[in-house]
Amino acid sequence: MSKHATTEFAELRHFLLLSSLLLLTACADKISLIRTDIEPVITDNQLMVTLANDKIVNLDFKGDEELPTTKTECPKEVYLDIGSYTYVEKVLSEEVFSNADARVARERELRETIDDRQNELENLFYSETEDIKSINLRCNLVLQPEDKIHVKFRFIGPKSSNVEVACLGDGQQRAQIRNPASTEYLKSQGDKVIHMLTFQPSNCGIKPLVDGGGQYVDEYGGVRSFCDPVKNIKIKNCRIRGHISARSLRDPYHDLSVVRADHVERLQASAAQHVTFSNVQILGRLKGAVHLLPGVHHFTIEDSEILGGFHSMTIHLPADGGWNVIKNNRITGQRKRGILFGGKEREVISIDSSEHNRIVNNHISDMPYGAIRLYRNCGESGAVRHRIPQYNQIINNVFDYSEGDQDKPTIILGSRDDLDTLGGVKRYCGDDRASDGSAYPSNDDRTYWDTAEVFSSSEDNDDWAQNNVIAENQWIQFIPTDSLKPIKRSDKNKALVNYLISNETDSDRSAETALRIMQERGAGCAVLAGITHGMQPPYLDPISNGHLPYILNGEVVKYFWNIEPPVRLSCGQALVCQNNILSREPMTECLAPIIEDFGQDGVACDAPNNVCDDGEVGSDAHLLGCTEGRLIGVQAACNLEFGRVTDAKRDQALLNRVTVVRASDNVDEGSCQVDGTAIAQGNQLITPWLLNAYNDVGTANQLNYQCSERDRRGGECHINIRQYCEPE
């Protein structure tokens, strides 16, 4: 057997083993809803229900909302409890000494006390009988440079909100919050994960299906769950050796909520939010560094070092959550092949049904299994994914392959679209359906940034990775081949709109040069609906879509359009991009765009008589431009079967995309083309015209419009066009 065949066989054997283990796990973890044939019983502030697995559980009624408290620095007793030398500083500041020698002796005594406490806490990580020390942190901590804190920190609900943890020191000589156990010991613990920092809500419970009503369980066996979130936490300058996690609704409240169409709003309201890690080092150990569970939003890691573990992803961004920021960091993936540790071969960053996240200005290396995957993990453990991976920004990063490991695409859009739903990772997609096989309901209310209706994974198993911006990234010492490209799109994803702009591969460029370029030019900004421009309160300051989907660092956008019909391009308050932060620019003047219509009675590609394409001679294309001003926006809608496109239908077309409102009865025989973009159905960005703004070519002031359709009736087509021109 050849070496290549041996390698393929080993990989196949590993995949089959891993798949079988995951299948067993998925089957074992499937959620169990409430039995609707057994009447719930109200007891003392609880609802006693019977689950489908016949387990009886008591659900708390949601109590009054807990409120945050004013935070002060922790008392000396807390520092003693966690083994921090700050205890020494506090005691010495309170006591009076007769001379310097007395103070030195007292300090030595206190430090020995802390040394003993640190050793005691460290030994608990290896204990088979005692639990690892944890503390619910409700006060501000200041840790000393020599501190080694062997304690799990819990930030739970409003009582932990507004807490700050500041670590003193520099570089490697700064305070540590650490899991001291060896890698071999952690490996011996199997799937057990020790969470060194956890952010979670409190006061979880249920409310009636209708406020003020008396019914708590819906027809599927689900409930309306709520918790009080933890928020506004800051972790500064710490070295963290171990796993970090953040979450929303805890079980069973999450499982009993996830089947409801209103799940996401309650999930996000209950989730850990507005948590910031600045200038920290996070060492993921065996199981990865940061795992954000469903619903978490506005979680930021900046100016830091995030080092992956020996298997699993380094960072997991949350399903049905978003607006998280990973910026200005050095990030590594798996530092050894996961197969050596019996682990999962995973990418560096996972974006699972998560939206509006920003991955910006990072130096990413150690990517044996790729860097970023955008997907929707439909049906995992029976849970419904309600949202999709959309409007994520992956901008101005350096993907460094100087150490090799060029085996997988760096970024995959729709990474689970093409997998076998029976034998591959998506084999459990059907687990998020009701017992009779029907789908749980989706939320019919679109958010204002959804370009199409978003169906839950219970109704649709596809990934639907769309409207993501991947721009100005650099690949260092990556050599594209016919079979391996830096960015891969699933076959299904190729029909969706994503923005791939000015990305570079350079097999000769050094990491030092790439990092200098990254820092000097700064990151541009996506100008798309729902984007957050600024991470200060109130955090969500939504915008409409810019006439350009992306602007470079330092550029200004002043024309915007709305997704909801009728779509119009108009002046708005100008925005300036400052290293991936959009801010208001009140001094920029905007003149209303000039509108030029080639409508339902116009001449453009009027094809009842095959004006655009007679199928024999070729096409009679129309070159249309602005009679005055600069072309900045287009709405183009095609009917490729019969009849004209009305102005009302054109007004529903998204800006700067060619849209087919009716496809040919024989889809492959119809074509609607604007500039270099030709489609037979759906809609697609007008390129290269739209993207020329980023490559020093400049956008043309006129475009070629063409439609064609051939069938046994002779073929008919029509394009209705509106052009927007910026006055000069």
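Note that the structure is a prediction, hence the values are computed from the model and not measured.

Parameters at a glance
Residues numbered from 1 in each chain as written. Predicted model: local features only at pLDDT ≥ 70, side-chain atom pairs only at ≥ 80, totals over all residues. Heavy atoms only, no water. Helix = DSSP H or I, 4+ residues; strand = E, 2+ residues; numbered from the N terminus. Contact = heavy atoms within 4.5 Å. Areas by Shrake-Rupley, 256 points an atom, 1.4 Å probe, with all protein chains shown as cover. Phe/Tyr/Trp six-rings, centres within 6.5 Å; stacked < 30°, edge-to-face > 60°. Buried < 20%, exposed > 50% of the residue type's maximum accessible area, 1.4 Å probe, protein only. Patch = residues over 30% accessible without salt bridge, like charges linked within 9 Å, V, L, I, M, F, W, Y side chains within 5 Å. Salt bridge = Lys/Arg side-chain N within 4 Å of Asp/Glu carboxyl O. Lys, Arg positive; Asp, Glu negative; His and termini not counted. Charge placed at Lys NZ, Arg CZ, Asp CG, Glu CD. Disulfide = S-S within 2.5 Å. 1 Å grid on protein atoms, 1.4 Å probe; cavity = no way out; pocket = protein on both sides within 12 Å on 5 of 7 lines; lining within 4 Å. Points joined across faces, edges and corners; volume = space filled by probe spheres on them. Nonpolar A, V, L, I, M, F, W, Y, C, P; charged D, E, K, R; others polar. Pairing = 2+ DSSP bridges. Axes fitted to C-alpha atoms, helices over the stretch in contact; angles between N-to-C directions. Polar contact = N/O pair within 3.5 Å; in protein donor to acceptor, adjacent residues only side chain to side chain. Core = buried A, V, L, I, M, F, W, Y, C linked by side-chain atoms within 4.5 Å. Arc of directions from axis to C-beta. Left-handed = near helix turned anticlockwise from the far one by under 90°.

**Q** Just checking my understanding: could you explain the overall build of the protein chain for this structure?
**A** The helix and strand inventory of the protein chain stands at 9 helices and 52 strands. Taking the intrachain contacts of the protein chain between residues at least 6 apart in sequence as the baseline, contacts between residues at least 24 apart amount to 74%. Carbon and sulfur atoms provide 47% of the accessible area of the protein chain, an area that totals close to 31,100 Å².

**Q** Looking at this structure, how should I read the packing of aromatic side chains?
**A** The tally for this structure, following the rule as stated, stands at 11 aromatic pairs. For the pair Tyr 401 and Phe 478, a centre-to-centre distance of 5.1 Å together with 65 degrees between the ring planes defines the contact as edge-to-face. Remark: Phe 478 occurs in the loop between β34 (474-476) and β35 (487-489) and Tyr 401 occurs in the loop between β31 (398-400) and β32 (411-413); sequence separation between them is 77 residues. Each member of the pair, Tyr 401 together with Phe 478, is buried.

**Q** Hey, could you run me through a negative patch on the surface in this one?
**A** Together, Asp 444, Asp 445, Glu 453 and Glu 459 make up a region of like negative charge exposed at the surface. Judged by relative accessible area, which is 61%, Asp 445 ranks as exposed.

**Q** I would appreciate a short explanation of the state of the cysteines in the present structure.
**A** Two cysteines form a disulfide when their sulfur atoms are joined by a covalent bond. The tally for this structure, following the rule as stated, stands at 9 disulfides. Two residues, Cys 167 and Cys 238, share a disulfide whose sulfurs are 2.0 Å apart. A torsion of 85 degrees about the S-S bond marks the disulfide between Cys 167 and Cys 238 as right-handed. With Cys 167 in strand β8 (residues 164-167) and Cys 238 in the loop between β15 (231-236) and β16 (239-241), this pair connects stretches of sequence that are 71 residues apart. We note that Cys 167, like Cys 238, is buried. Shown here is the disulfide that connects Cys 638 with Cys 672, its sulfur atoms set 1.7 Å apart. Between Cys 638 and Cys 672 the disulfide shows an S-S torsion of about 50 degrees. By sign, it is right-handed. In this pair, Cys 638 sits in strand β46 (residues 630-639) while Cys 672 sits in strand β48 (residues 670-674), placing the two residues 34 residues apart along the sequence. Here Cys 638 and Cys 672 have matching classes, each one buried.

**Q** Can you help me understand unusual backbone geometry in this one?
**A** In terms of backbone geometry, most residues other than glycine have negative phi values and most peptide bonds are trans. Geometrically, the link from Asp 251 to Pro 252 is a cis peptide bond, its omega value of 0 degrees lying close to zero. Of note, Pro 252 is situated in the loop between β17 (243-246) and α6 (253-257). Look at the link from Thr 687 to Pro 688: it is a cis peptide, with omega at 5 degrees. Assignment of secondary structure puts Pro 688 in the loop between β50 (683-685) and β51 (702-709). Of note in the backbone geometry, Asn 396 takes a positive phi value of approximately 55 degrees without being a glycine.

**Q** Explain empty space enclosed by the protein here, please?
**A** To find the voids left in a structure, one rolls a probe of water-molecule size over its atoms. The full count for this structure, using the stated rule, is 5 cavities of 30 Å³ or more. There is about 110 Å³ of room inside the largest cavity. As for the largest cavity, its lining consists of 13 residues, and the residues nearest its centre are Asn 179, Leu 186, Val 193, Ile 194 and Lys 287. Residue composition of the lining of the largest cavity, grouped by class: 4 nonpolar, 6 polar and 3 charged. One number sums up the size of the second largest cavity: a volume of about 70 Å³. Residue lining of the second largest cavity: 13 residues in total, with Tyr 499, Gly 546, Pro 549, Trp 561 and Leu 655 positioned closest to the centre. For the lining of the second largest cavity, the per-class residue count stands at 8 nonpolar, 4 polar and 1 charged.

**Q** How should I be thinking about the sheet that holds β8 in this particular structure?
**A** Consider a sheet: its strands pair through backbone hydrogen bonds, and that pairing is either parallel or antiparallel. The 10 strands lie next to each other as β5-β8-β15-β18-β21-β24-β27-β30-β33-β36, forming an open sheet whose pairing is parallel. Either end of the sheet is taken by a strand with one partner, and the two such strands are β5 (141-143) and β36 (499-501). Each strand of the sheet is rotated relative to its neighbour by a mean of 5 degrees, with strand direction disregarded. Pairing of strand β24 (residues 325-327) with strand β27 (residues 358-360), which is carried by 3 bridges, proceeds in the parallel orientation. Residue pairing across strands places Lys 327 opposite Val 360, the latter belonging to β27.

**Q** So what exactly am I meant to see when it comes to the environment of Val 104 here?
**A** Among the structural elements, Val 104 can be located in helix α4 (residues 100-123). Linking Val 104 and Leu 92, residues 12 residues apart in sequence, is a C-alpha distance of 9.8 Å.

**Q** Would you explain the side chain of Asp 255 in this entry?
**A** Along the chain, Asp 255 turns up in helix α6. Despite its burial, Asp 255 remains without a salt bridge, the nearest opposite charge being carried by Arg 247 at 7.4 Å. In this structure the side chain of Asp 255 is engaged in a polar contact, spanning 3.3 Å, whose partner is the side chain of His 254. With residues near it in sequence (within four places) discarded, Asp 255 still touches Ile 31 and Leu 33.

**Q** How should I be thinking about the pairing of β17 in this particular structure?
**A** Regular strands place their side chains on alternate faces of the sheet. Covered by surrounding structure in β17 are His 243 and Ser 245 together with Ile 244 and Ala 246, the residues of both alternating faces. In this structure, strand β12 (residues 195-200) lies alongside β17, joined through 4 bridges in parallel fashion. Within β17, the position partnered with Leu 197 by the bridge is Ile 244. Where β17 and strand β20 (residues 290-292) come together, 3 bridges link them in parallel fashion. Bridge pairing in β20 links Ile 244 to Val 290.

**Q** Just checking my understanding: could you explain the nonpolar core for this structure?
**A** Note on soluble globular proteins: their nonpolar side chains tend to be buried together. In this structure, Phe 155, Leu 197, Phe 199, Phe 277 and Phe 299 are the most contacted members of the largest nonpolar core, which totals 81 residues. When residues of this core are assigned to their parent elements, the largest contribution, 4 residues, is made by helix α3 (residues 86-94). Once residues within four sequence positions are removed from consideration, Phe 277 is found in contact with Leu 197, Phe 199, Ile 235, Ile 240, Ile 244, Ile 282, Phe 299, Thr 300, Ile 301, Glu 302 and Ser 304. Judged by nonpolar contacts, the second largest core, of 60 residues, contains Val 360, Cys 525, Ala 526 and Leu 703.

**Q** What is the right way to look at helix α8 (residues 511-521) in this model?
**A** An α-helix turns once every 3.6 residues. As a result, residues three or four positions apart point the same way. Listed in full, the buried residues belonging to α8 are Ala 511, Ala 514, Leu 515 and Met 518. Along the axis of α8, the buried residues cluster in a sector spanning 95 degrees; they form a single face. With respect to the buried face of α8, the exposed residues turned more than 90 degrees away are Glu 512 and Glu 520. In this structure, the buried side of α8 is in contact with β28 (363-365), β31 and β34.

**Q** Honestly, the pattern of salt bridges in this entry has me stumped. Any pointers?
**A** Counted according to the given criterion, the structure contains 39 salt bridges. Across the salt bridge formed by Lys 76 and Glu 77, the nearest N and O atoms sit 3.6 Å from each other. Exposure remark for Glu 77: the relative accessible area of 49% places this residue in the partly exposed category. A salt bridge links Lys 133 to Asp 81; its shortest N-O distance comes to 2.9 Å. In this pair, Lys 133 is assigned in the loop between α4 and β4 (134-136) and Asp 81 in helix α2 (residues 76-82), connecting sequence segments 52 residues apart. On the basis of relative accessible area, Lys 133 is assigned to the partly exposed category, the value being 22%.

**Q** What is the right way to look at the packing of α3 against α4 in this model?
**A** Each packed pair of helices is defined by two parameters, the angle between the axes and the distance between the axes. Where α3 meets α4, the axes come as close as 9 Å, and the angle between the chain directions of the two elements is 145 degrees. The two elements α3 and α4 cross, and the hand of that crossing is right-handed. Contact residues: Tyr 87, Val 88, Val 91 and Leu 92 in α3; Arg 103, Arg 106, Glu 107, Leu 110, Arg 111 and Ile 114 in α4. Split by residue class, the contact of α3 with α4 holds 6 nonpolar, no polar and 4 charged.

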